[in-house]
Each structure stands twice: as structure tokens, then as C-alpha cells.
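Coordinates in review
The chain contents come next:
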Amino acid sequence: MTPDSNVASSAVEVSAGTAAVVSGDRVYPFPEVKMRARRLAAVLTERGAQPGDRVGMLIGNHPAFLEAVFACRYLGAVAVPMSIQLMAGEVTHVVRDCRPVLVLCERDLADRVAGVDHLVVDDGRYEQVLESAEPWGGRPARAHEPMVYTSGATGTPDGESA
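The rules behind each value
- Residues numbered from 1 in each chain as written.
- Predicted model: local features only at pLDDT ≥ 70, side-chain atom pairs only at ≥ 80, totals over all residues.
- Heavy atoms only, no water.
- 1 Å grid on protein atoms, 1.4 Å probe; cavity = no way out; pocket = protein on both sides within 12 Å on 5 of 7 lines; lining within 4 Å.
- Points joined across faces, edges and corners; volume = space filled by probe spheres on them.
- Helix = DSSP H or I, 4+ residues; strand = E, 2+ residues; numbered from the N terminus.
- Polar contact = N/O pair within 3.5 Å; in protein donor to acceptor, adjacent residues only side chain to side chain.
- Contact = heavy atoms within 4.5 Å.
- Axes fitted to C-alpha atoms, helices over the stretch in contact; angles between N-to-C directions.
- Left-handed = near helix turned anticlockwise from the far one by under 90°.
- Buried < 20%, exposed > 50% of the residue type's maximum accessible area, 1.4 Å probe, protein only.
- Arc of directions from axis to C-beta.

Take empty space enclosed by the protein next. Taken as a whole, this structure holds 1 cavity of 30 Å³ or more when the rule is applied. Roughly 30 Å³ of volume is contained in the largest cavity. Every residue along the wall of the largest cavity is listed here: Val69, Cys72, Arg73, Ala77, Ala79, His144 and Pro146. Here the lining of the largest cavity gets 3 residues from one element, more than from any other, and that element is helix 3 (residues 63–75).

Structurally, Glu67 is set in helix 3. For Glu67, the side chain forms a polar contact with the side chain of Tyr126, separated by 2.6 Å. Here Glu67 is in contact with Tyr28, Arg36, Ala37, Leu40, Tyr126 and Leu130, once residues within four sequence places are set aside.

Relative orientation of the contacting elements helix 2 (residues 30–46) and helix 3 amounts to 60°, with a least axis distance of 8 Å. The handedness of the crossing between helix 2 and helix 3 comes out as right-handed. Across the interface between the two elements, Val33, Lys34, Arg36, Ala37, Arg38, Leu40, Ala41, Leu44 and Thr45 from helix 2 touch Leu66, Glu67, Ala68, Phe70, Ala71, Tyr74 and Leu75 from helix 3.

This part covers helix 4 (residues 88–98). When we look at burial in helix 4, the residues that qualify are Val91, Val94, Val95 and Cys98. For helix 4, the arc enclosing every buried residue in end-on projection is 95°, short of the 170-degree limit, so these residues lie on one face. Across helix 4 from its buried face, at more than 90 degrees, point the exposed residues Gly89 and Arg96. Residues of helix 4 that are buried in the fold lie against strand 3 (54–58), strand 4 (78–81) and strand 7 (147–150). Of the residues flanking the end of helix 4, it is Arg99, one or two places downstream, whose phi is positive at about 50°.

If you want it as C-alpha cells, here you go:
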């Protein structure tokens, strides 16, 4: 296990009683974020994610963003965050370039990933999917750094490992 692959567990041990995420009226303590990330890791595995695979994230300021980063670290998958300000054509370019197994997205951005396996994180179904999933129990894989897309010298997003 690499030091970074256990980042969620380390955060829980250090900060078990404090809030990891506050979203509206909802407070997510570190142990809950860890459990949600483990459940999301199980969902990603069921949807075909394996170590080294890419998982797209077209998510703004939402707890699912952090859950997805931790879930990818557990699995050894590569998180690919995409700016919610990208235009549809730019999202299409990123998706074609990185070929994610799944894209986690917000409801109002789902049309930008049409034709790609995706899971909407803010429509209630995401909560149902997480609640019904057994927490991932695998051994943490080698953690991969996220792949970040920049604007690129030509104006076309270029992928870089962070």
C-alpha cells in the first residue's frame, strides 16, 4: 500500500469528530465520508472500474467530488475532474481523450456526457445507489494522481497527471 492510497483512513483517524464536508444544512463527518467513498468504490467496481481506469467527474461544489476522489484512490483508479464551466464540445473532447469507465456528473450537466456511462450525483438516485451498495472491502491499490485537463496551448483541453 502506498502512503496516499490510505488518505481517507488517515483523515478519519486524525479528525474522527470533525466535519469533513458541509453542504447546505448537511454535515458529513470524516467517518461518514470514508464510508460513502467505500460504497462509491463498490459502485465503481460494479460499473467496471479497475486499477488504472479513469473516472470522470463533472461535479461542482458537491460532497460527491470528495467521495469520488477517495473512491478512486481506494481502487487505484484515476480521477479526472472536469470544470463545470467547460462547454459541451470541450467535455466531449476530454471524454474521448481519457475514455473514462464512468462519469459522475450533476443533473444539469448530464447532457454533456450523453452516450457515456454516467451517474448523476444530485438527483436522489445517487443517494439510493450509495445506500444500497455494500462498502468496498478490497485492499487499497496503488494510488494514481488525478488527471487534470488544462486549456491547452491550442485552446483544446490537454490532459496532465497532477
